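# Fold and contact review
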Amino acid sequence: MSDHVLVTGGAGYIGSHACKALSQAGFVPVAFDNLTTGWADAVRFGPLAKGDLLDRASIDAAIAQYRPVAIMHFAALSLVGESMKNPGLYWRTNVTGALNLIEASVAAGIKSFVFSSTCATYGDQDGVQLDESTPQYPINAYGGSKRAIEDMLRDFGASDGLKSVIFRYFNVAGADPEGEIGEQHRPETHLIPLMLDAIEGKRPALTVFGSDYATPDGTCIRDYVHVMDLVDAHVLGLRWLLEGKPSRVFNLGTGSGFSVREVIRWAGQVTNREVPIVEGPRRPGDAVALVSGSSRAIEELGWNPTRSNMRDMILDAWRWASKPEYQG
Ligand code: UDP
């Protein structure tokens, strides 16, 4: 019988793509989700265990029912702007939720834990090469809550032998090229889907959040990684742990930075349409530039990101956004 993996947030954007990759790799992904930001229709590759990380009994019940060999933990609130307005919500949901999940895993004897962390844990470090040894100084509650969970995993590793692979993602974009699943947030706050909606006239013009940053064109710089490449790394990370290798942190980014204006230019070229924009103020909590400076995932995990170029990311997101299932 195939091994089960409990995928928290399995009905969300990245979690649902991870479920597809896991099922293609021969695992049964069990999507554990409270469906507040996830979508039941995105759960297509294994069972849905409806539950909430703030309700420990629902985690214990899912673990008892499916007996997973490992946990992949995606479920979290993940919006920088919202985390600045409502930090309590982020600390409570993300940190308490993760603590419940970690304690439930340890109690059930599960030793392999793949965690979705973020480059937002590094904060705003102008000119610093961001690799896994860079000290973390988050500047928003989202990044702070994720760093706290990284610390928690280290501590439970020491006390209970819990082994973790921590992935610090840069900006995730694109969608399943087969069009089964894609990015759908409500409300949508992310650059690429908002831009595609603005092109289609489904939303007003895209607001550029700040054009006076100390970058060549004045807009923030990010490192974009394709969701399919990202989830491939998760399967490799899972195998790493199941083979008994030690806890490890990996950045997942390409090392190439794109400014907001550059992404807009790419979208114009790829879709052959005008992107309507207006210039607005900076968004609180945004770092000026976040670009990975590490190839550890490639060297150690054998990660081979093949779709993380701006053209494929925008094309795949555009194909998804044009489907009837997408309700932008
Ligand atoms: N951004 C923007 N307008 C928007 C949404 C995002 O200018 O309507 C900018 C944002 O300030 C950041 C970049 O686009 O510099 C990526 O933002 P997103 O919210 O997609 O991801 P984040 O970097 O917050 O994880």
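This write-up is about the structure you can find in this document. (Residues numbered from 1 in each chain as written. Predicted model: local features only at pLDDT ≥ 70, side-chain atom pairs only at ≥ 80, totals over all residues. Heavy atoms only, no water.)

What follows is about the pattern of salt bridges. Pairs may arise between side chains of opposite charge once their charged atoms sit close together. Taken as a whole and assessed by the stated rule, the structure comprises 17 salt bridges. The partner of Lys20 in a salt bridge is Glu178, with the nearest N and O atoms 2.6 Å apart. Remark: Glu178 occurs in the loop between strand E7 (171-173) and helix H6 (191-200) and Lys20 occurs in helix H1 (residues 13-24); sequence separation between them is 158 residues. Residue Lys20 is classed as buried on the basis of its relative accessible area, which comes to 4%. Three or more residues joined by partner-sharing salt bridges are found here, namely Lys20, Asp176, Glu178 and Glu180. (Salt bridge = Lys/Arg side-chain N within 4 Å of Asp/Glu carboxyl O. Helix = DSSP H or I, 4+ residues; strand = E, 2+ residues; numbered from the N terminus. Buried < 20%, exposed > 50% of the residue type's maximum accessible area, 1.4 Å probe, protein only.)

Turning our eyes to something else, we now look at unusual backbone geometry. The omega angle of the peptide bond from Arg186 to Pro187 is -5°, so this bond is cis rather than trans. Notably, Asn272 is not glycine yet its phi reads approximately 60°, a positive angle. Relative to the elements of secondary structure, Asn272 occurs in the loop between helix H8 (260-271) and strand E13 (277-280). What makes Asn272 exposed here is its relative accessible area of 70%.

For the rest of this paragraph, the subject is the side chain of Ser116. Tracing the chain through its elements places Ser116 in strand E5 (residues 112-118). Overall, the relative accessible area of 6% leaves Ser116 in the buried class. Discounting residues that sit within four places of it in the chain, Ser116 has contacts with His73, Phe74, Lys146, Phe167 and Tyr169. (Contact = heavy atoms within 4.5 Å.)

Okay, the site of the ligand next. Taken together, 16 residues are adjacent to the ligand, and Leu191, Thr207, Phe209, Arg283 and Asp286 come closest. Between the ligand and the protein, one listed contact pairs an oxygen atom with a backbone N or O atom of Leu191 at 2.9 Å. Between Asp286 and the ligand, the recorded distance is 2.6 Å, taken from a side-chain N or O atom to an oxygen atom. Summarising the interface, the protein chains cover 89% of the accessible area of the ligand, which totals 510 Å² for the free molecule. Of all the elements in the fold, those that place two or more residues in the shell around the ligand are H6 and strand E8 (206-209). Per-element tally for the shell around the ligand: the top contributor is E8, with 4 residues. Residue composition of the shell around the ligand, grouped by class: 9 nonpolar, 4 polar and 3 charged. (Near = heavy atom within 4 Å. Polar contact = N/O pair within 3.5 Å; in protein donor to acceptor, adjacent residues only side chain to side chain. Areas by Shrake-Rupley, 256 points an atom, 1.4 Å probe, with all protein chains shown as cover. Nonpolar A, V, L, I, M, F, W, Y, C, P; charged D, E, K, R; others polar.)

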